[in-house]
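# Observations on the model geometry
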Amino acid sequence: MKIFLVNAGSSSLKYQLFDMDDESVIAKGNCERIGMEDSFLKHKTADGRELRYDEAMPNHFAAIKLVFKALTSEKVGVIESMEEIDAVGHRVLHGGDKFSESVLITPEVEKAIEETIPLGPLHNPANLMGIRACRDIMPHKPQVAVFDTAFHQSIPKKAYLYALPYEYYEKYKIRRYGFHGSSHRYVSARAAEILGRVGDPDFKVITCHLGNGSSFAAVKGGVCVDTSMGLTPLEGIPMGTRSGSLDPAVIEFIMSHENIDINEMTEILNKKSGVLGISGISSDFRDLAKAYENGDDQAKLALEIFNYNGTKLIGSYAAAMGGVDAIVFTAGIGENDSFVREQMCAPLEFLGIKLNVELNEKVRGKEVDLSAPDSKVKVLLIPTNEELVIARDTKEIVSKM
Ligand code: ADP
């Protein structure tokens, strides 16, 4: 079975073609600057063939057409025609409280994704454009939506409700939703497999997805019970460019003192804050590490703030679950940055969390048990694979049709 994966943004579209017989990626690529003058597509096959098309892509429909041109081309093609594709899986950002699992896309589902636009105003319209473009080009192929929020729908009300007048929850569904759900689901399930705890209702794992956006989740018996992102991906730990949680009164204070409007404020919170805002250097942890080594105090401070907030979240989730059996580090920073892992774990020895410091410094990007032999809690590095989650869900759903 061949599954085509789409992750559509407002001006970009990432894709992968999976062969589900061995769960391998046959080809993948990226359309960028869709709707702009200088749009281009970059395509790569598993056997190392590459291609770039500098062609106009005025919209997502044109982008998908160009993707198929690449997928079926003589030089870098991997299929004869799009008929070889069995189904399409879409990453959709916000499922609101309507979707607790992946679903076959029907007109009703499309409508529900549309109704959720107020909660995901940047992403959901783009995701819908991807869905509609695929439907127009492949009207007979089943399409599946996999939501970033779905895994967190099991969070209890005491954990997802903000202490605002209740009517705002009732009127607008303002609450914590959480994101990176496919990643938290994948790595928490892998942790249970690795540690022989599959199906154990008492297995408590804290998953730390540390990338451009960072989020934590508390997962008990395979069920998510809390997560750090909220109504939007702005809440939680400070991130590359996002502030993370802060006193809500700060927003009004800055707006009135700087005489800026809500759009500028939102831009500051999302694009100019986090470790970039503190350091004034970069949102990329590789740049911060270099600056830190060169004695830059602001880079040091940015990393300290990031790590300190991570430590606090791990501690609070251990409290929320009444203990913890495993901590998982994943995504760009979690998989590669040994300093962050070490600094986040170091203050947590009182909880029985003890890292094998030497091993931690050596490894990156592969599944490894990083815990010291006498650590009560396992510390695992597990590379995430959100695409595989989407491909597997799509396969499962279309197999039942
Ligand atoms: P996204 O959230 O966009 O999927 P990733 O999970 O790929 O992001 O994470 C990207 C971030 O990971 C980069 O901004 C960088 O801070 C960090 N990163 C990537 N490689 C390394 C590395 N070798 N060392 C430290 N940090 C890294």
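Everything here concerns the structure above.
We now turn to the structure provided with this report. (Residues numbered from 1 in each chain as written. Predicted model: local features only at pLDDT ≥ 70, side-chain atom pairs only at ≥ 80, totals over all residues. Heavy atoms only, no water.)

## Some remarks on the sheet that holds strand β1 (residues 2–8)
To be explicit about the condition: DSSP bridges decide pairing: two strands pair if at least two such bridges lie between them. Under the DSSP-based scheme used, a helix requires at least four consecutive residues in state H or I and a strand at least two consecutive residues in state E, with every element numbered from the N terminus. In what follows, residue pairs with any heavy atoms lying within 4.5 Å of each other are defined as contacts. Each axis is a line fitted through C-alpha atoms, and for a helix only the stretch in contact is used; angles between axes span 0 to 180 degrees, taken between their N-to-C directions.
Read from one edge to the other, the open sheet built from 8 strands follows the order β5-β4-β3-β2-β1-β6-β8-β7, with strand pairing classed as mixed. Because the sheet does not close on itself, it has two edges, and the strands there are β5 (50–53) and β7 (103–104). Of the strand pairs in this sheet, β7 and strand β8 (residues 143–147) are connected by 2 bridges, and their pairing is antiparallel. In the strand pairing of β8, L104 is matched with V144. Where helix α15 (residues 386–399) meets the sheet, its contacts fall on β1, β2 (13–19), β6 (87–92), β7 and β8, and the angle it forms with β6 comes to roughly 130 degrees.

## Concerning the layout of surface pockets
To keep things clear, this is the line we draw: Grid spacing is 1 Å over the protein atoms alone, the probe is 1.4 Å, and a cavity is where that probe fits but cannot get out, while a pocket is an open set with protein on both sides within 12 Å along at least five of seven lines and lining residues have an atom within 4 Å of a point. Grid points are joined across faces, edges and corners, and a volume is the space filled by probe spheres set on the points. Any residue outside Ala, Val, Leu, Ile, Met, Phe, Trp, Tyr, Cys, Pro, Asp, Glu, Lys and Arg is labelled polar, Gly included; the first ten of those are nonpolar and the last four are charged.
When its volume is computed, the second largest pocket comes out at roughly 570 Å³. In terms of lining, the second largest pocket is formed by 25 residues, of which the most central are E101, S102, R185, D393 and E396. Elements that contribute at least two residues to the lining of the second largest pocket include exactly β8, α6 (181–194), β11 (223–227) and α15. Ranked by the residues each element gives to the lining of the second largest pocket, the list is headed by α6, at 7 residues. Of the residues belonging to the lining of the second largest pocket, the class tally is 10 nonpolar, 7 polar and 8 charged.

## Here we look at the site of the ligand
Applied cut-off: The rule for a residue being near a molecule or strand is that one of its heavy atoms must lie within 4 Å of it. Throughout this description, a polar contact denotes any pair of N or O atoms lying within 3.5 Å of each other; where both atoms belong to protein, one of them has to be capable of donating a hydrogen while the other can accept it, and for residues adjacent in sequence the pair is counted only when both atoms sit in side chains. For every accessible area listed, the method is Shrake-Rupley and the probe measures 1.4 Å; residues are considered covered only by the protein chains on display.
In the neighbourhood of the ligand, the contacting residues comprise G211, N212, G213, D284, F285, R286, A331, G332, I333, N336, D337 and R364. Between N212 and the ligand, the recorded distance is 2.8 Å, taken from a side-chain N or O atom to an oxygen atom. Compared with its free state, where it exposes 580 Å², the ligand has 69% of that area covered by protein. Contributing elements (two or more residues each) for the shell around the ligand: α10 (285–293) and α12 (331–336). Considering only residue class, the shell around the ligand consists of 3 nonpolar, 5 polar and 4 charged.

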